[in-house]
Amino acid sequence: MLPLVGLLMPFGVFWMRAHFLAVEPALTEAAKVDGAGPVQTFLRVHLPLATSAWSALAVLFFLATWNQYLLPLVLVDDPTKRTVAGGLGAFQGQYGTDVVLLCAGSLLIILPSLLVFLVFQRSFVRALMQGAVK
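Residues numbered from 1 in each chain as written. Predicted model: local features only at pLDDT ≥ 70, side-chain atom pairs only at ≥ 80, totals over all residues. Heavy atoms only, no water.

(A) Local environment of the overall build of the chain. A tally of regular secondary structure across the chain gives 8 helices and 0 strands. Beginning at the N terminus, the succession of helices and strands in the chain can be written as α-α-α-α-α-α-α-α. Here the C-alpha radius of gyration of the chain, 21 Å, is well above what a compact globule of 134 residues would show, namely 14 Å. Dimensions along the principal axes, computed over C-alpha positions, put the chain at roughly 70 × 30 × 20 Å. The buried share among the 134 residues of the chain stands at 22%. A separation of at least 24 residues holds for 66% of the contacts in the chain among residues at least 6 apart in sequence. Total accessible area on the chain stands at roughly 9700 Å², and carbon and sulfur atoms take up 71% of it. When the 8 basic and 6 acidic side-chain charges of the chain are each reduced to a single mean position, those positions are 6 Å apart. (Helix = DSSP H or I, 4+ residues; strand = E, 2+ residues; numbered from the N terminus. Rg over C-alpha atoms; globule rule 2.2 N^0.38 Å. Buried < 20%, exposed > 50% of the residue type's maximum accessible area, 1.4 Å probe, protein only. Contact = heavy atoms within 4.5 Å. Areas by Shrake-Rupley, 256 points an atom, 1.4 Å probe, with all protein chains shown as cover. Lys, Arg positive; Asp, Glu negative; His and termini not counted. Charge placed at Lys NZ, Arg CZ, Asp CG, Glu CD.)

Structure (structure tokens):
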């Protein structure tokens, strides 16, 4: 878990920093005029505006962790503790491959990723388009 945090956290910080830099400074100034402190401004102004960025980041983090292949393959010695993507390699034999079983396993691996994306699709697209339109 710690290697994944180390790999994904810099991207998450970069993603959220880019979002918060794109927020209009007038919103922060309006909150200051209304008497809100820095914590209240963050919780009541900036955080509700960041829901699309948070949800898009959650989808990207889920896909990145779900599809990990190389890191668990290198770090985990026990084949029973492999990830789902790493376990897909067990369907390939030395002299032959059961293609039907490999395709069925691939569909089972794709299904959770597809469901997560379909649930967060609207907010994911909104977060990606947020910086494109001014």
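On we go from here.
(B) Broad picture of the packing of aromatic side chains. Tallied over the full model, the rule gives 3 aromatic pairs. Seen in terms of ring centroids, Phe 11 and Trp 15 are 5.7 Å apart; in terms of plane orientation they differ by 45°. Their pairing is tilted. One end of the pair is Phe 11 and the other is Trp 15, both in helix α1 (residues 2-22) and 4 residues apart, which spans about a single turn. The class for Phe 11 is partly exposed, based on a relative accessible area of 35%. (Phe/Tyr/Trp six-rings, centres within 6.5 Å; stacked < 30°, edge-to-face > 60°.)

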